[in-house]
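Examination of the molecular architecture
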Amino acid sequence: MVELQLAAIAPMLACPECGDILAIRDRSLFCAQRHNFDIARQGYVSLLTGAATKMSGDTAAMLDARAAFQDARHFAPIADAVATTVGSARQSPPRSILEIGAGTGYYLAAALDAIGEATGTALDVSKPAARRAARAHPRAASILADAWRGLPIRSGQFDVVLSVFAPRNAEEIARILAPGGRFVVVTPTPRHLSELIEPLSMISVDATKQDRLAETLSGHFTELDHTLIEYPMSLTHADISNVVAMGPSAHHAADTRATRIAPLPDPMPITASVTISTYRKD
Ligand SMILES: C[S@@+](CC[C@H](N)C(=O)[O-])C[C@H]1O[C@@H](n2cnc3c(N)ncnc32)[C@H](O)[C@@H]1O
Ligand SMILES: [Zn+2]
């Protein structure tokens, strides 16, 4: 029941127009000033306001490719590690988890499966993502919002914020974390999918990414821990097509993708390599 999921998280949300607390009635969220936000038929609520945002996030085709790749379980070891990290991020299990740039909601759902009582909130600026995330888990609600604007969330609400291959607005994330809250971040290392970069002209991971992450978070967060998750995958041509189509190289050389994949081994050994870092709010 979508309304129940949204009802569970409504007290943590803030009206994007006036910052007031939101309540839920029938199929909408509303504040005391009568700003009203309808719950979409597909189960998410849009808290995007003002001029149409330039951000539209991932397309439906990218979400389909991402869901297919995740369903094939190639990133299951990453999801398992995320769930363990989120579950042990604080002394007591988190009661509220927000995933920013949640996409399909795959990692949020893995964390909720591992942590019995917690409620989850998936936030994404892409409508196709918000639709999928609304169905990701019985304890997850889905909101449409732009991570680069002020988040429509009251201060100090979430025990854990999660960012997996997604945008990070350090100041806003620090604001919405509860005292003692943790920020769990997954970033690719330069070895992630590296075997595919040249044959498919994919955008490579910048080797300074981890340093830049530390830089953007400094002043707001202190790193407590990080773990490298690295393992070999065996990807078929269909898997390779999905992993390219779901990421930042989706629009890049898309027309020649099939021709470029054809000569590759089927299946092909490909490395998955990410860092999971846990931060404490300063
Ligand atoms: C690479 S995907 C990762 C999705 C998911 N965390 C996963 O790993 O499966 C990045 C996600 O961030 C979303 N995104 C991009 N810009 C955003 C923004 N400004 N605000 C919120 N979400 C955004 C995209 O729509 C996309 O779903
Ligand atoms: Zn309002």
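Here is what the cut-offs are and how they apply
All residue numbers refer to position in the chain's written sequence, counted from 1. To label them, take the chains in the order written and letter them from A, then take the ligands in the order written and number them from 1. Residue-level local features of this predicted model are given only where pLDDT is at least 70; pairs of side-chain atoms are given and counted only at 80 or more, and the full residue set underlies all totals for whole chains, interfaces and linings. The basis for the side-chain values is all heavy atoms of the structure; hydrogens and waters are excluded. In this description, strands pair whenever DSSP reports at least two bridges between them. Where helices and strands are cited, they refer to DSSP runs of H or I of at least four residues and of E of at least two residues respectively, numbered from the N terminus. Note on geometry: axes are lines fitted to C-alpha atoms, helical ones only across the stretch in contact, with angles between N-to-C directions running from 0 to 180 degrees. Exposed residues in this analysis have more than 50% of their type's maximum accessible area, buried residues have under 20%, and partly exposed residues fall in between, with area computed by a 1.4 Å probe over protein chains only. This count recognises Lys and Arg as positive and Asp and Glu as negative, with His and chain-terminal groups excluded. Between Lys or Arg on one side and Asp or Glu on the other, a salt bridge is scored when a side-chain nitrogen of the former is within 4 Å of a carboxyl oxygen of the latter. Note on contacts: a residue pair qualifies if any of its non-hydrogen atoms lie within 4.5 Å across the two residues. When the strands point away from the viewer and the connection leading from the first strand across the helix to the second strand turns clockwise, the crossover is called right-handed.

Sheet strands associate in pairs through backbone hydrogen bonding, adopting either a parallel or an antiparallel arrangement. In spatial order, the strands read 1-2-3; together these three strands make up an open sheet with antiparallel pairing. Each edge of the sheet is formed by a strand with only one pairing partner; in this case those strands are strand 1 (23–25) and strand 3 (36–38). Taken pair by pair, the neighbouring strands of this sheet meet at an average axis angle of 25°, ignoring direction. As judged from the three bridges shared by strand 1 and strand 2 (residues 28–30), these two strands associate in the antiparallel manner. Looking across to strand 2, one finds that Arg25 is bridged to Ser28.

This part takes up the side chain of Arg66. Note that Arg66 resides in helix 2 (residues 60–71). Buried and unpaired, Arg66 has Asp58 as its nearest opposite-charge partner, separated by 4.2 Å. Leave out the neighbours within four places in its chain, and Arg66 touches Asp58, Thr104, Met246 and Gly247.

In terms of burial, strand 8 (residues 158–164) is largely enclosed, as seven of its seven residues are buried. Where strand 8 and strand 9 (residues 177–188) come together, six bridges link them in parallel fashion. In the strand pairing of strand 9, Phe158 is matched with Leu177. Taken together, strand 8, helix 6 (residues 170–176) and strand 9 form a β-α-β motif whose crossover is right-handed.

That is the geometry; function is a separate question.
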